[in-house]
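Below, each chain spelled out in residue letters.
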Amino acid sequence: MSALSEDDRQPAGNRPDPAGDERLLAGNGPDPVGEGPHLVTIGESLARLEGPAVGPLRHARTLDLGVAGAESNVAIGFRRLGGGAAWAGRVGDDEFGRLIQMTLAGQGVDVGRVIVDPVAPTALLIKERRTGRLTRVQYYRSGSAGSRLSPQDVPEDLIRRARVLHVTGITAALSDDAHAAVHAAVDTARAAGVPVSLDLNFRRALWTPAEAGARLRPLVMRSDVVFATEVEARLVTGGADASALAAGLAALGPREAIVKRGVLGAVACCDGDLYDEPAVPVETVDPVGAGDAFAAAYLAERVLGRPIPERLSAGASAGAFAVTVQGDWEGLPSREDLILMRATDDVVR
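What you see is a predicted model, and the numbers here were worked out from it, not measured in a lab.

## Quick word on the nonpolar core
- In terms of nonpolar packing, the biggest core is built from 47 residues, with L165, L200, L216, V220, V236 and L249 touching the most fellow members.
- At 8 residues, the largest contribution of residues to this core is made by helix 6 (residues 176–192).
- Those residues in contact with L165, other than ones at most four positions away along the chain, are V40, I159, A185, V186, A189, V194, P195, V196 and S197.
- Within the second largest apolar cluster, 40 residues are counted, among which are W87, L99, F294 and A297.

Structure (structure tokens):
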């Protein structure tokens with residue numbers, strides 16, 4: 001039985017189709033005729049500029065250009081694992097905006113609901129690897145196209161046909177309109193019986209801990225799956241350790257609460273049961289994007305109806321893959337990669 005059918009609130013029209021699950025396993029995505037994407041996400045994607053080497057950015061003579069964004073990272077990760085994914089948002093009518101659309105479309109993500117803003121620019125992220133272990137990130141997103149996201153931009157028809165809606169606290173922090181858009185998307189999903197996934201993704205540059213806690217707590221209460229770090233979980237609930245924090249998040253309403261702990265793995269409280277998933281030991285090249293990789297893999301396995309331990313294992317493996325490659329999404333694994341990560345025999349294939 002698929003995990004999504006366990007939710008009694010979900011109407012029959014949104015329950016998983018076994019044939020669709022087989023297509024997901026095969027890596028072919030959903031049938032484009034009459035079936036929506038398995039995952040829909042909405043938020044802001046940014047152009048990413050980063051120095052090609054470790055050291056102060058002021059000494060760099062060239063910058064690498066790419067794409068970043070928590071929600072679009074999850075869409076790409078979910079798509080690479082075989083599911084159909086759509087990303088909705090606003091980009092500027094500029095080369096950065098066109099780069100975002102081209103990149104996501106090239107990864108198989110549906111960008112048909114992306115809005116090109118004729119006035120506001122695409123947001124920019126500057127990434128600096130200050131040392132081999134420390135990455136610093138600076139955002140230029142005030143007044144960006146993504147911050148102008150509004151409830152009118154929410155792709156309600158896609159959400160109603162999805163298996164899961166994924167949102168983050170980043171978009172909720174961009175502006176009052178963007179915050180309202182996140183709630184509008186959640187309203188649409190809940191009315192249609194579509195499970196809601198939320199990654200708290202607290203960004204100190206966007207709001208204070210007090211502001212984040214006040215605005216994220218209602219979203220947690222309206223979500224089915226919640227991802228958070230220990231620091232993020234403490235914004236909305238209490239607990240002395242990761243297990244208590246996961247239980248505290250779950251007590252607010254989510255059936256599945258996952259606390260990500262980096263090199264210490266993850267702890268989850270799902271339907272009242274606690275799970276402890278160890279991290280996969282790897283050499284970290286770039287830590288950015290690990291949480292998005294975890295969420296993408298967990299949700300992909302959830303849509304397939306896999307048991308909780310398999311979802312957590314896939315998430316841990318995907319996160320490990322992500323940190324071994326430079327870039328926000330470039331190292332996201334395929335389904336075959338997940339098998340390789342758990343292999344213990346030959347290192348040359």
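## Regarding the pattern of salt bridges
- Counted by the stated rule, this structure contains 22 salt bridges.
- One salt bridge connects D271 with R255, and the closest N-O pair in it is separated by 3.2 Å. Residue D271 is located in the loop between strand 13 (266–270) and strand 14 (273–277), and its partner R255 is located in the loop between helix 9 (242–251) and strand 12 (256–260); the two are separated by 16 residues in the primary sequence.
- Judged by relative accessible area, which is 23%, R255 ranks as partly exposed.
- Residues joined in a network through salt bridges with shared partners are R48, E50, K127, D328 and E330.

## Looking at helix 6
- The end-to-end C-alpha separation of helix 6 is 25 Å, in line with the 24 Å expected for 17 residues at 1.5 Å each.
- Listed in full, the buried residues belonging to helix 6 are A178, H179, A181, V182, H183, A184, A185, V186, T188, A189 and A192.
- Packing partners of the buried residues in helix 6 comprise strand 1 (39–42), helix 4 (156–160), strand 9 (164–168), helix 5 (169–174), strand 10 (196–199) and helix 7 (209–221).
- Phi turns positive, to about 75°, at G193, one or two residues after helix 6.

## With respect to the packing of aromatic side chains
- Using the criterion set out here, one finds 2 aromatic pairs in the structure.
- Arranged with centres 6.3 Å apart and planes meeting at 75°, the rings of F227 and F294 form a pair that is edge-to-face. With a gap of 67 residues between them, F227 in strand 11 (residues 225–229) and F294 in helix 10 (residues 290–303) connect regions that are remote in the sequence. For the pair F227 and F294, a shared accessibility class is recorded, and that class is buried.
- Ring centres of F227 and Y298 lie 5.5 Å apart, and the angle between their planes is 90°; this geometry places the pair in the edge-to-face category. Placement of the pair is F227 in strand 11 and Y298 in helix 10, with a sequence separation of 71 residues.

About the thresholds
Every chain begins its residue count from 1, and numbering advances along the sequence as written. Predicted model: local features are reported for residues with pLDDT of at least 70 only, side-chain atom pairs are reported and counted for 80 or more only, and whole-chain, interface and lining totals are derived from all residues. The side-chain quantities take in all heavy atoms of the structure and omit both hydrogens and water. Nine residue types can take part in a nonpolar core, namely buried Ala, Val, Leu, Ile, Met, Phe, Trp, Tyr and Cys, and a core is a set of them joined through side-chain atoms within 4.5 Å. Think of it in three bands: residues with accessible area under 20% of the maximum for their type are buried, residues over 50% are exposed, and the middle band is partly exposed, with areas taken using a 1.4 Å probe on protein chains only. Helix numbering and strand numbering both begin at the N terminus, where a helix is a DSSP run of H or I of at least 4 residues and a strand a DSSP run of E of at least 2. The contact rule is simple, with two residues in contact once any of their heavy atoms fall within 4.5 Å. Salt bridges are counted wherever a side-chain nitrogen of Lys or Arg sits within 4 Å of a carboxyl oxygen of Asp or Glu. The span you would expect from a helix comes to 1.5 Å times its residue count less one. Stacked, edge-to-face and tilted labels apply to pairs of Phe, Tyr and Trp rings (six-membered ring for Trp) whose centres lie within 6.5 Å, assigned for plane angles under 30 degrees, over 60, and everything in between, in that order.

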